[in-house]
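These are the residues of each chain, in order.
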Amino acid sequence: MLDVARLVWSFRKTASLPTPGAPYGGWEDQKMELRGHFLGHYLSATAMAWASTRNETVKQKMDAVMSVLSECQKKIGTGYLSAFPSEFFDRLENLVYVWAPYYTIHKIMAGLLDQYTLANNGQALNITIWMADYFNTRVQNLIARSSLERHYQTLNDESGGMNDVLYKLYGITKDPKHLKLAELFDKPCFLGLLAVKADNIAGLHANTHIPLVCGVQNRYELTGDEQSMAMGTFFMDIINSSHSYATGGTSHQEFWTDPKRIATALSAETEESCTTYNMLKVSRYLFKWTKQVTYADYYERALTNGVLGIQRGTEPGVMIYMLPLSPGSSKAKSYHGWGDAFDSFWCCYGTGIESFAKLGDSIYFEQEGKGPGVYIIQYISSSFDWKAGQTVIHQNVDPVVSWDQNLRMALTFTSNKGPGVSSVLNLRIPFWANPNGAKATLNKDNLQIPSPGNFLSVTREWSPDDKLFIQLPINLRTEAIKDDRPQYASLQAIFYGPYLLAGNSQHDHEIKTGSVKSLSEWITPIPASYNAGLVTFSQKSGNSSLVLMKNQSVTMEPWPAAGTGDDANATFRLIGNDQRPINFTTVKDVVGKQVMLEPFDFPGKLLMQQGNNDSLVIANNPGNSVFQVNAGLDGKPDTVSLESVSRKGCFVFSDVNLKAGTALKLNCQQPDDGFKQAASFVMQKGISQYHPISFLAKGSNRNYLLAPLLSFRDESYSVYFNITIEKFGQEATIFE
């Protein structure tokens, strides 16, 4: 969707080249000192997208960007390349505030190296080497002119992963000066804490420092430095044990809090999206080194719950900065809310486009060593052309649903036209899998599945006749918040396998139940058939339609857009007066039936009548909530009228002079033409539908509709619930 000329506009201006058109807005605006950072992410994202798809349009665009960047660097003539002038670094070196110039340089250099390594663009490597030469000279001059300390002081500003990208460059060039320059960007005041295993990161800006950990992890791979490996491992340990949310994300208002003190940090500004993007890199390194399932489990958790929901549905370019986690949160109501495709370009837009360009990353890991081997650590439908195994692996995962609590995956194989070789496939058995009922088969032979937290290994000369099938039972579980203060012991998140479930809620997060022995007694799946009973009622008002909507009261409101939350408020479930669900296809299906109307996002409550000319309310009194569905009093074929069963001749009524905000009442007056129109509603399929992974959580005060956090758009939700349950055993908090 993005225009190359607008992306490179500021680079051309910095190089004193003609600047046709105008730059993009937001953080890429000409007045913003961080401008240029997004183009670096764009180079990485397009390289990843092209590597997976070989899409020609993507290639043409990224090649056009590369051509302009080369032209800009040659015009400047020193090796410097950016969307802002080099004077920004003069200010930085003199400790005069400037917004993170090394952060942007890191993004540009990282994008260039991705263009080289993933898209085979040799020009990109030449540009990167010339940039490294420029900054090597600059840093050495600063140290000679001032001190090494002054250089380190420049790193107190957010410097991104300069060490990481320079280690990567060294891995390609083997030039010692690139190694030395990378080491100069290893921030000792932070990495020293990790080296001595001190959890003293509270108060530090999270996304300034996580990329530094990626850098030292890269250093370990290149140099074998054991301390670098230990630092990365310790860092992951303290984040997982003390500083992460149920999503796998970390940070509050971009900073780390005290360890195990995150209950009071829940707000609309929790979990910067960039931090999750970088934590995935940290866990990826650790899995490569150790093959421990725990790191693969973390990757799944953070990808599923911390990445997939940062884009608004399937709308490209509409992303969030923070992922809110406080009770009654909405992704649309944080400080930044949803961004704009052409006028935001925050840091989390850059990492966001990379995240969605590399969904194929970290599904398969190839074993180095004696014989061909692959580790399959994510269950995602995909294909992998495995050269060493001389086969193409096709992974097909059935959609996960709440009413059939199993994950099912099948592997099939296509010949790579080479001689068959014996190779091993290793399939992750995640920690959330219930060993009871788990099964695996190779063709028709049963395989023994190891306990959760291990790999199922199968060695074979794979052929197109083979089919490997695995079924993993999925359980509900709760996880306590990472806070060791007793008053927050009951604050818990609810999971279904890898999926973090959020409850539709404006602010409530209390769940109190009676005596129960398992989660399944108070959390039950919503069947797929319930979607057939969802309806929306509307009336015409001039040239527009108004819908019956539940807010603080029951009113007629403008037709809501999908995913806004109001679409849920305008959807009701039909229930018979015998408590059985009623299906709706056409008006004829329901005319003559007695029904109750349950708000979609407030299960257990009902649309209730109070008395003649009194407003309708949402309550839980079945006796005053039964209506007879009659053919519309206005005589139209697609309308219905809702007559009170307890008060015959009284109908749900809007107003003769209908307008937005009109309260719904029960009206018993003698019907005239105006009355008939105001008491007739178009009845159609519900605007909202239940997500395939939906549950009903029953509490003594109210019930909650639960669905994966990743599925929410503008709707309000709660992620952590204050759960009070009598006689709830420790075992039940882990598995059902």
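Residues numbered from 1 in each chain as written. Predicted model: local features only at pLDDT ≥ 70, side-chain atom pairs only at ≥ 80, totals over all residues. Heavy atoms only, no water.

## Regarding the overall build of the chain
Helix and strand counts for the chain come out as 18 helices and 31 strands. Relative to the globule expectation of 27 Å for 736 residues, the C-alpha radius of gyration of the chain, 29 Å, shows essentially globular dimensions. With the C-alpha coordinates aligned to their principal axes, the bounding extent of the chain is approximately 95 × 65 × 55 Å. Counting across all 736 residues of the chain, residues that qualify as buried make up 57%. For the chain, restricting intrachain contacts to residue pairs at least 6 apart in sequence, the fraction spanning at least 24 positions comes to 67%. Per element, the accessible surface of the chain, about 28900 Å² overall, is 49% carbon and sulfur. The chain carries 65 positive and 70 negative side-chain charges, and their two centres are separated by 2 Å. (Helix = DSSP H or I, 4+ residues; strand = E, 2+ residues; numbered from the N terminus. Rg over C-alpha atoms; globule rule 2.2 N^0.38 Å. Buried < 20%, exposed > 50% of the residue type's maximum accessible area, 1.4 Å probe, protein only. Contact = heavy atoms within 4.5 Å. Areas by Shrake-Rupley, 256 points an atom, 1.4 Å probe, with all protein chains shown as cover. Lys, Arg positive; Asp, Glu negative; His and termini not counted. Charge placed at Lys NZ, Arg CZ, Asp CG, Glu CD.)

## Observations concerning the pairing of strand β29 (residues 704–708)
The side chains of a regular strand alternate, first on one face of the sheet and then on the other. Among the five residues in β29, five count as buried, and that is most of the element. Pairing analysis gives three bridges linking strand β13 (residues 499–504) to β29, with the strands arranged antiparallel. Each residue of the ladder has a partner; that of glycine 503, found in β29, is leucine 706. Both strand β28 (residues 695–697) and β29 contribute to a ladder of three bridges, which runs antiparallel. Each residue of the ladder has a partner; that of leucine 696, found in β29, is leucine 705. (Pairing = 2+ DSSP bridges.)

## Section: the nonpolar core
Core analysis: the largest hydrophobic core is formed by 65 residues, its most contacted members being Leu112, Met131 and Leu166. Apart from residues no more than four positions distant in its own chain, methionine 131 is found in contact with Gln73, Gly79, Leu81, Ile105, Ile108, Met109 and Leu112. Membership of the second largest hydrophobic core comes to 46 residues, among which are Val397, Leu407, Met409 and Ile725. (Core = buried A, V, L, I, M, F, W, Y, C linked by side-chain atoms within 4.5 Å.)

## Observations regarding the packing of helix α14 (residues 273–290) against helix α15 (residues 293–307)
One can describe the packing of α14 onto α15 by two numbers: an axis separation of 8 Å at closest approach and a directional angle of 160°. One finds that α14 runs roughly antiparallel with respect to α15. Considering the relative orientation of α14 and α15, their crossing is left-handed. Together, Thr276, Met279, Leu280, Ser283, Arg284, Leu286, Phe287 and Thr290 of α14 and Tyr295, Ala296, Tyr298, Tyr299, Ala302, Leu303, Gly306 and Val307 of α15 make up the contact between the two elements. (Axes fitted to C-alpha atoms, helices over the stretch in contact; angles between N-to-C directions. Parallel < 35°, antiparallel > 145°, perpendicular 65-115°, else oblique. Left-handed = near helix turned anticlockwise from the far one by under 90°.)

## Observations regarding the pairing of strand β7 (residues 439–442)
In the sheet, β7 pairs with strand β10 (residues 467–473) via four bridges, with the strands oriented antiparallel. Pairing of threonine 441 across the sheet is with phenylalanine 469, part of β10. Pairing between β7 and strand β8 (residues 445–447): three bridges, direction antiparallel. Across the sheet, the residue bridging to alanine 440 is leucine 447, located in β8. Connecting β7 to the antiparallel partner β8 that follows it, the hairpin turn spans two residues, and asparagine 443 within it adopts a positive phi of roughly 60°.

## Regarding the layout of surface pockets
Empty space within the largest pocket amounts to approximately 1500 Å³. Along the wall of the largest pocket there are 47 residues; nearest its centre are Met48, Asp114, Leu118, Arg284 and Asp361. Elements with a contribution of two residues or more to the lining of the largest pocket: α3 (37–53), α6 (101–119), α9 (162–173), α12 (206–223), α14, α16 (347–357), β1 (364–366) and β3 (382–386). Take the lining of the largest pocket: its biggest share by element is nine residues, from α6. Partitioning the lining of the largest pocket into residue classes produces 18 nonpolar, 15 polar and 14 charged. (1 Å grid on protein atoms, 1.4 Å probe; cavity = no way out; pocket = protein on both sides within 12 Å on 5 of 7 lines; lining within 4 Å. Points joined across faces, edges and corners; volume = space filled by probe spheres on them. Nonpolar A, V, L, I, M, F, W, Y, C, P; charged D, E, K, R; others polar.)

## Here's the deal with the sheet that holds β3
Overall, antiparallel pairing links the six strands, which are arranged β3-β4-β5-β10-β7-β8 in an open sheet. In the strand order of this sheet, the two ends are held by β3 and β8, each with one partner. Averaged over all pairs of adjacent strands, the angle between strand axes in this sheet comes to 20°, irrespective of strand direction.

## A look at empty space enclosed by the protein
Enumeration according to the criterion identifies four cavities of 30 Å³ or more in this entry. Roughly 50 Å³ of internal volume is contained in the largest cavity. Leu280, Tyr299, Leu303, Val307, Ser355, Lys358, Leu359 and Asp361 are the residues that line the largest cavity. For the lining of the largest cavity, the element with the highest residue contribution is α15, accounting for three residues.

## A look at the environment of glutamine 579
Position of glutamine 579 relative to the elements: it lies in the loop between β19 (572–576) and β20 (594–599). Linking glutamine 579 and proline 259, residues 320 residues apart in sequence, is a C-alpha distance of 48 Å.

## Side note on the packing of aromatic side chains
Under the criterion given, the structure shown has 35 aromatic pairs. A ring pair is formed by phenylalanine 413 and tryptophan 462, whose centres lie 4.6 Å apart and whose planes are at 20°; its orientation type is stacked. Pair noted here: phenylalanine 413 is in strand β5 (residues 406–415) and tryptophan 462 is in the loop between β9 (454–461) and β10, with a separation of 49 residues, a long-range link. As far as burial versus exposure is concerned, phenylalanine 413 and tryptophan 462 are alike and both buried. Aromatic ring contacts, followed pair by pair, group Tyr24, Trp27, Phe38, Trp99, Tyr321, Phe342, Phe345, Trp346 and Tyr349 into a single cluster. A cation sits over an aromatic face here: arginine 54 above tryptophan 50, 4.1 Å from the ring centre. The ring of tyrosine 170 has lysine 174 sitting right over it, with the charged end atom 5.6 Å from the ring centre. (Phe/Tyr/Trp six-rings, centres within 6.5 Å; stacked < 30°, edge-to-face > 60°. Lys NZ or Arg CZ within 6 Å of the ring centre and 35° of its normal.)

## With respect to the domain arrangement of the chain
Annotation of the chain at the domain level lists domain 1 (364–473), domain 2 (476–525 + 692–725) and domain 3 (528–685). Distance from the C-alpha centre of domain 2 to the C-alpha centre of domain 3: 29 Å. Across the boundary between the two partners, domain 2 contributes 10 residues, which contact 10 residues of domain 3. A buried area of about 820 Å², summed over both sides, lies between domain 2 and domain 3, and 56% of it is on carbon and sulfur atoms. (Domains from an automatic or database assignment. Buried area = accessible area lost by both parts, 1.4 Å probe.)

## Examining the environment of tyrosine 167
Here tyrosine 167 lies in helix α9. On the basis of relative accessible area, tyrosine 167 is assigned to the buried category, the value being 0%. Excluding residues within four positions of it along the chain, tyrosine 167 makes contact with Leu179, Ala182, Glu183, Asp186, Gly215, Asn218, Arg219 and Leu222. In terms of polar contacts, tyrosine 167 uses its side chain to reach the side chain of arginine 219, at 3.4 Å. (Polar contact = N/O pair within 3.5 Å; in protein donor to acceptor, adjacent residues only side chain to side chain.)

## Considering helix α11 (residues 188–195)
Along α11, the residues classified as buried are Phe190, Leu191, Leu193 and Leu194. One face of α11 carries all of its buried residues, which in axial projection span an arc of 145°. Residues of α11 that are buried in the fold lie against α12 and α13 (226–243). With its phi angle positive at about 60°, lysine 197 sits one or two positions after the end of α11. (Arc of directions from axis to C-beta.)

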